[in-house]
Amino acid sequence: MKSADRPVDVLPAEKLAKTPGSADADAPTFLISETFVSRQGEGSLTGQSSVFLRTSGCNLRCWFCDTPYASWNPEGTRQTIDELLQLVSDADTSHVVLTGGEPLIASGIVQLVDRLREAGNHVTIETAGTVDPGVRCDLLSLSPKLRASTPDENEHPRWAKLHEQRRLPIHTMRTLIQSAEATQVKFVVDSADEMTEIDDVISQLRVSPEQVWLMPQGVSVQELDAAKPWLEPIAQSRGYHYCDRMHIRWYGNRRGT
Ligand SMILES: C[S@@+](CC[C@H](N)C(=O)[O-])C[C@H]1O[C@@H](n2cnc3c(N)ncnc32)[C@H](O)[C@@H]1O
Ligand SMILES: Nc1nc2[nH]cc(C(=O)O)c2c(=O)[nH]1
Ligand code: SF4
Ligand SMILES: [Mg+2]
């Protein structure tokens, strides 16, 4: 089943390993796959109305990625910092969620986050935490990728290797955590067998249980409902949070929500 119904790796890994940003550091542009206003569906700010800015392009290839249009098959249009700031200022909320793809590989991302915060916005960054461009945000929503996220090595040999090499740089994740005002660590859990690995990553990151969220792997209400009865008690027994994916319950697995 793994990756059988998932998009294929159609572009050379090297081409997508680095950034979807412009070379001109003074006026960076970002490859943006979508922008929308929605309620935050995951983690400590669940329910908070927010502007979502989704960069396109990722240096990982999780087999289960729920936004393949920003990772496996990146799509988008280029937008400047001024255009993105205008879009945010036109919205009825000052909460911004930068996500992707992988927002931290985009050239100019530090400048974008600084400008958003200078304009008075609260900025959450959804990231797998594999690179640290020197960013400072209000909420680092770190989702370290576990062994089981790696794509099938027969179907995607190059990406399986790159993904394995890149997915868990603990030192980088620790510097990201130290630079953020607040951090939540959100694991995508596919099976209870992953708990030993999760506990080990948590102890290496040196975060406290109340910063940890266990989120089921799944993009349907049916998958979420199937996971909750076994995953929620595991989370509770360790003092972690159970993390539902409320946007899927509210809107279904639809783009722009
Ligand atoms: C699409 S990712 C973009 C940000 C970054 N690349 C990352 O992985 O954290 C946004 C969030 O969705 C989670 N996610 C992606 N696919 C998922 C799936 N099939 N089930 C549950 N969570 C998933 C990621 O772990 C992350 O927390
Ligand atoms: N409503 C809503 N909440 C979210 N929280 C994290 C998201 C993401 O894709 O990073 C996301 C998303 O795509 N939609
Ligand atoms: S790191 Fe995030 S965007 Fe990249 S493939 Fe994994 S879930 Fe998708
Ligand atoms: Mg999402």
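Residues numbered from 1 in each chain as written. Chains lettered and ligands numbered in written order. Predicted model: local features only at pLDDT ≥ 70, side-chain atom pairs only at ≥ 80, totals over all residues. Heavy atoms only, no water.

As for the overall build of the protein chain
Worth spelling out the cut-off: Secondary structure follows DSSP: runs of H or I at least 4 residues long count as helices, runs of E at least 2 residues long count as strands, and numbering of each begins at the N terminus. Each residue is assigned to one of three classes by its accessible area relative to the maximum for its type, calculated with a 1.4 Å probe on protein chains only: buried under 20%, partly exposed between the two thresholds, exposed over 50%. Residue contacts are defined here by distance: any two heavy atoms, one from each residue, within 4.5 Å place the two residues in contact. Residue exposure ignores everything except the shown protein chains as possible cover, and the areas themselves are Shrake-Rupley values with a 1.4 Å probe.
Along its length, the protein chain carries eight helices and nine strands. Counting only residues that meet the buried cut, the protein chain has 52% of its 257 residues in that class. Partitioning the intrachain contacts of the protein chain with sequence separation of at least 6 by distance along the chain shows that 71% fall at a separation of at least 24. Total accessible area computed for the protein chain in this model is approximately 11,300 Å², and 49% of it derives from carbon and sulfur atoms.

So, the side chain of N121
For the record, the criterion: Two N or O atoms form a polar contact when they lie within 3.5 Å of each other; inside protein one atom must be a possible hydrogen donor and the other a possible acceptor, and for residues adjacent in sequence the pair counts only when both atoms belong to side chains.
Considering the arrangement of structural elements, one finds N121 in the loop between α3 (109-118) and β5 (122-127). Engagement of the side chain of N121 in a polar contact is seen with the backbone oxygen of L116, the distance being 2.9 Å. Ignoring any residue separated from it by four or fewer positions in sequence, one finds N121 in contact with V88, T93, S94, V96, L116 and D138.

Focus: the confidence of the model for the protein chain
Threshold: pLDDT: the predictor's confidence for each residue, scored from 0 to 100.
Summarising the model, the protein chain shows a mean pLDDT of 92, and 90% of its residues fall at 70 or more. Contacts from residues 1-19, a stretch scored under 50 in pLDDT, to residues over four places away or in other chains number 44 contacts. With a pTM of 0.93, the predicted complex shows an ipTM of 0.99.

Quick notes on the site of ligand 1
Let me state the cut-off plainly: The criterion for a residue being near a molecule or strand is simple. One of its heavy atoms has to lie within 4 Å of it. Gly falls in the polar group here, along with every residue not listed as nonpolar (Ala, Val, Leu, Ile, Met, Phe, Trp, Tyr, Cys, Pro) or charged (Asp, Glu, Lys, Arg).
In the neighbourhood of ligand 1, 21 residues make up the surrounding shell, with F64, G101, S143, K145 and Q217 lying closest. One nitrogen or oxygen atom from the main chain of A128 is found 3.4 Å from an oxygen atom belonging to ligand 1. Here an oxygen atom of ligand 1 sits 2.8 Å away from a polar atom, N or O, in the side chain of S143. Against a free-state accessible area of 540 Å², the protein chains account for coverage of 95% of ligand 1. Every element with two or more residues in the shell around ligand 1 is listed here: β5, β7 (182-189) and β8 (212-216). When grouped by side-chain class, the residues that make up the shell around ligand 1 number seven nonpolar, eight polar and six charged.

Remarks on the packing of helix α2 (residues 81-90) against α3
Stated precisely, the cut-off is as follows: A fitted line through C-alpha atoms serves as each axis, taken over the contacting stretch for helices, and the angle formed by two N-to-C directions is quoted from 0 to 180°. Take the far helix as the reference: if the near one is turned anticlockwise from it by less than a right angle, the crossing is left-handed, and if turned clockwise, right-handed.
Close contact between α2 and α3 brings their axes to 10 Å; oriented N to C, the two are set at 35°. Remark: the crossing between α2 and α3 carries right-handed chirality. Between α2 and α3, the residues in contact are I81, D82, L84, L85 and V88 and Q111, L112, R115 and L116, respectively. Considering only residue class, the contact of α2 with α3 consists of six nonpolar, one polar and two charged.

Describing the UniProt feature "binding site: S-adenosyl-L-methionine" (unreviewed entry) in the protein chain
For clarity, the threshold we go by: UniProt positions are given in the numbering used here, feature names are shortened, and annotations may be inferred rather than shown by experiment.
Look at the UniProt record and you will see "binding site: S-adenosyl-L-methionine" (unreviewed entry) annotated at F64, C65, D66, G101, S143, P144 and K145. Of note, C65 is situated in the loop between β2 (49-55) and β3 (77-80). Judged by relative accessible area, C65 falls into the buried class, the value being 17%. Checked against the element boundaries, P144 lands in the loop between β6 (139-142) and α4 (157-166).

As for the UniProt feature "binding site: [4Fe-4S] cluster" (unreviewed entry) in the protein chain
Per the UniProt record, "binding site: [4Fe-4S] cluster" (unreviewed entry) is found at C58, C62 and C65. Within the element layout of this structure, C62 appears in the loop between β2 and β3. Classification of C62 as buried rests on a relative accessible area of 9%. Among all residues touching C62, those that are not within four sequence positions of it are W72, K145, S149 and H163.

Details of the side chain of T93
Within the secondary structure, T93 is located in the loop between α2 and β4 (95-99). For T93, a relative accessible area of 11% translates into the label buried. A distance of 3.0 Å separates the side chain of T93 from the backbone nitrogen of H95, its partner in a polar contact. Once residues within four sequence positions are removed from consideration, T93 is found in contact with Q48, S49, S50, V51, V88 and N121.

A word on helix α7 (residues 221-238)
This is how it is decided: To estimate how far a helix should extend, the number of its residues minus one is multiplied by 1.5 Å. Bend at a given residue is defined as the angle between two axes, one fitted to the seven residues that end at that position and one fitted to the seven that begin there.
With 18 residues, α7 should cover 26 Å at 1.5 Å per step; its first-to-last C-alpha distance of 25 Å lies within 8% of that length. At K228, α7 is bent by approximately 50°, the largest bend along its length, and proline P229 sits one to four residues beyond. Along its buried surface, α7 packs onto β7, α6 (195-205), β8, β9 (241-242) and α8 (246-251). Once α7 ends, the next one or two residues include G239, with phi positive near 80°.

Quick notes on the packing of aromatic side chains
Here is the rule we go by: Classification of ring pairs rests on two measures: the distance between centres of Phe, Tyr or Trp rings, Trp counted by its six-membered ring, which must be within 6.5 Å, and the angle between planes, read as stacked under 30 degrees, edge-to-face over 60 and tilted in between. Our definition puts a charge over a ring when NZ of Lys or CZ of Arg is within 6 Å of the ring centre and also within 35 degrees of the ring normal.
Counted by the stated rule, this structure contains three aromatic pairs. When the centroid spacing of 5.9 Å and the interplanar angle of 70° are considered together, the rings of W250 and Y251 count as edge-to-face. Note that R61 overlies the ring of W72, its terminal NZ or CZ placed 5.8 Å from the centroid. Taking NZ or CZ as reference, R255 lies 3.8 Å from the ring centre of Y69, over its face.

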